[in-house]
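Coordinate inspection notes
Given next are the chains, with one letter for each unit.
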Amino acid sequence: MTIFTIDKVRKTFMNGEMKDEILKGINLSLKEGEVTALVGASGSGKSTLLTIAAGLQPASDGKVLFEGQNITAMNQEQVRKIRASKFGFVFQFAHLVPFLTVEEQLMLMLDVADTKLKKRQQKKEIAKILKLVGMEHRKDAYPASLSGGEKQRVAIARAIIHKPKILFADEPTASLDSKKSKDVMLLIRDLTKMLKMATLMVTHDEEMLSYADHVVKMRDGLVQ
Amino acid sequence: MNMAWKEMKKNKGRFLILGSIIFLVSLLTFIISGLANGLSQDNAALIKDLPNGQFFMTKEANQTYNLSKISNKTQTSVLRKHKDAVAFSIQMGFINEGSGKQRSVAFVSSTASPLFSKVNKGEVVLDRSLESDGIKIGDTLTNNQYNGKFIVKGFVDQSKFSHAPVAFINIDDYKQIYRIQEMQLIFIPGGDSGETITGLKSFSKDQFLNTISSYKAEQLSLNMMVWFLVVISGMLFAIFFYMMNVQKIGLYGILKAIGVKTSVLFTMMWTQMIFITIFALTISIALGQVFNLIAPKGLPFSLTVGTTVQLSLTFLLIGFVGATLSGIQIKQVGPLQAIQQGEV
Ligand SMILES: Nc1ncnc2c1ncn2[C@@H]1O[C@H](COP(=O)(O)OP(=O)(O)OP(=O)(O)O)[C@@H](O)[C@H]1O
Ligand SMILES: [Mg+2]
């Protein structure tokens, strides 16, 4: 079932005096339980599209429809609420909060998503997810003491702990070696199925495409 | 979840540095303000400790109390009209101990009033500081312009004028020493009654204190130091939080990206600022009070609770303003900035 639609989205950046149209009318839809991979040359606008879809920056034109609502037309606070409770993100770098333990990172996300769980339930939920990403033994560790792959797995746990509807991932494996990249990809695919999320993932790595249900290629500001 | 607290726990060093700077600056401020207050007490406790009211001297005196000569006629009529009013004079002078040692004092004499020590002819009441210098009740003191002898009748606390201990003497003795019939000043206690007296100029207590030129200069420079320190500490707050915030721009962006409200980030900063300030102030207030207790007798130091509270509140307020101003960047940072910046 389609739960997320990108409809004729355009994005123009001002490059000095020159207008630079990076996205020239992108159409894309995401389905529950499916991973959609977004590929394309560097500078083709993949990250731009992803951040617009996630409500992190506005589109110049077009619509982004989630649960029937157009998030490009919402105000900042409305978008923030949706981001906090319905979307999850994994970035190229883990971007964990340096002064929180692994468990606390996830607790923060549950608070932000306003899940209203009791502390005990929170801990149970967190233990479950950490087990899923294979990090339960490091729940009291601070980010500084984790390896790159471990950090990325915590970041994935943080992105899904609040059971988002959509998972956005921008080159989640870029900072990992190929063995760890495969682990992370498998994890993302399995979680997508298990939690019935729709996942939109940018990747540069041809090898990772085998884990995706669809591959969308971007070129000259359009999808092919 | 209490992020403010978690961050402080994890980065103790950073916050301790900020705390200790605030501690040092506030302690310095307390001590200078204690000195300012102590010196002003030392300089003019005689006047400062009077209740609020109006002071009068002659217009011709041109704000210099020891040039003022209030005619007996005026004095009598004012004192008759205001039962609690008092006429008094202050003159700097010397007393000689039996051993021949000379001491500088401020001779004060007044008409009968509960506000001033009552002294009979040939007697003197001295400021307590002379007692610790070895003068005892019953000692006899002399003065070069006075024919008789003064017998020390007692001591009173906190009676200083122009950094000299006060010697209360009888009005007749005063007239004899200074060969003068008129009093310099009239004081009517109890707020500003708006009373005007022909030929006399009225001063509030503060105004009168400021006519004493040494007092004015001293207080001005000390108070300027105090307020400079307060301003500097405000700037320190702003700069320190600014630097911490700059380091955390990436973090703020990420937190915003995952949906943390901007107000939560501000609350986090305010919590930290208030906690550190209160922590640092508590220690410096405690030390300031300890200093107040153990300060050597000769050192004019007086740090009242009122002043401490007032300065502490100022510190809190200025810390809040400094932190908030430097925190405007929190509002401006966009989630994208951080994501594009790479690892935080
Ligand atoms: N804020 C901005 N202002 C101006 N130009 C921008 C801005 N953000 C992106 N661009 C430009 O838009 C184009 C697409 O950028 P984008 O980051 O989306 O590419 P990408 O496909 O993700 O590339 P990569 O694979 O290298 O990550 C680039 O030419 C970039 O310079
Ligand atoms: Mg990119």
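Calculation rules
- Residues numbered from 1 in each chain as written.
- Chains lettered and ligands numbered in written order.
- Predicted model: local features only at pLDDT ≥ 70, side-chain atom pairs only at ≥ 80, totals over all residues.
- Heavy atoms only, no water.
- Pairing = 2+ DSSP bridges.
- Helix = DSSP H or I, 4+ residues; strand = E, 2+ residues; numbered from the N terminus.
- Contact = heavy atoms within 4.5 Å.
- Axes fitted to C-alpha atoms, helices over the stretch in contact; angles between N-to-C directions.
- Buried < 20%, exposed > 50% of the residue type's maximum accessible area, 1.4 Å probe, protein only.
- Buried area = accessible area lost by both parts, 1.4 Å probe.
- Salt bridge = Lys/Arg side-chain N within 4 Å of Asp/Glu carboxyl O.

1. Some points on the sheet that holds strand β4 (residues 61–66) of chain A
All names here are of chain A. Read across the sheet, 4 strands follow the order β2-β1-β4-β5 without closing on themselves; strand pairing throughout is antiparallel. Whereas interior strands pair on both sides, the edge strands pair on one side only; in this sheet they are β2 (18–31) and β5 (69–70). Here β4 pairs with β5 via 2 bridges, running antiparallel. Opposite Leu65, over in β5, you have Asn70 as the bridge partner. Each of β1 (2–15), β2 and β4 is contacted by helix α1 (residues 46–53), which is oriented at about 120° to β1, the strand it contacts most.

2. Quick notes on the environment of Gln145 of chain B
All names here are of chain B. Looking at the secondary structure, you find Gln145 in the loop between β5 (140–141) and β6 (150–156). Taking relative accessible area as the criterion, Gln145 reaches 43% and is therefore assigned partly exposed. For the pair formed by Gln145 and Asn43, sequence separation is 102 residues and the distance between their alpha carbons is 25 Å. If sequence neighbours within four positions are ignored, Gln145 has contacts with Gln176, Ile177 and Arg179.

3. Considerations on the pairing of strand β2 (residues 86–96) of chain B
Side-chain positions along a regular strand alternate between the two faces of the sheet. Residue and element names in this part refer to chain B. The buried fraction of β2 amounts to 9 of the 11 residues, a majority that puts the element mostly inside the structure. Bridging between β2 and strand β9 (residues 185–189) involves 3 bridges; their strand directions are antiparallel. Looking at β9, one finds that Ala87 is bridged to Ile186. As paired elements, β2 and strand β3 (residues 102–110) share 9 bridges and run antiparallel to each other. Considered in β3, the bridge of Ile95 is made with Arg103. The antiparallel hairpin formed by β2 and β3 contains 5 residues in its connecting segment, where Gly100 sits at a positive phi of about 95°.

4. Structural notes on the interface of chain B and chain A
In many reports, interface size means the accessible area that the parts give up when they come together. Each partner contributes residues to the interface: chain B has 22 residues there, and chain A has 26 residues. Surface buried jointly by chain B and chain A totals about 2200 Å² across both partners, of which 74% is contributed by carbon and sulfur atoms. Inspection of the chain B/chain A interface yields 1 salt bridge. Linking Glu104 of chain A and Lys6 of chain B is a salt bridge whose minimum nitrogen-to-oxygen distance equals 3.5 Å. Of all the secondary structure elements, the ones that give two or more residues to the side of chain B that touches chain A are α1 (3–10), α8 (249–257) and α12 (335–341) of chain B.

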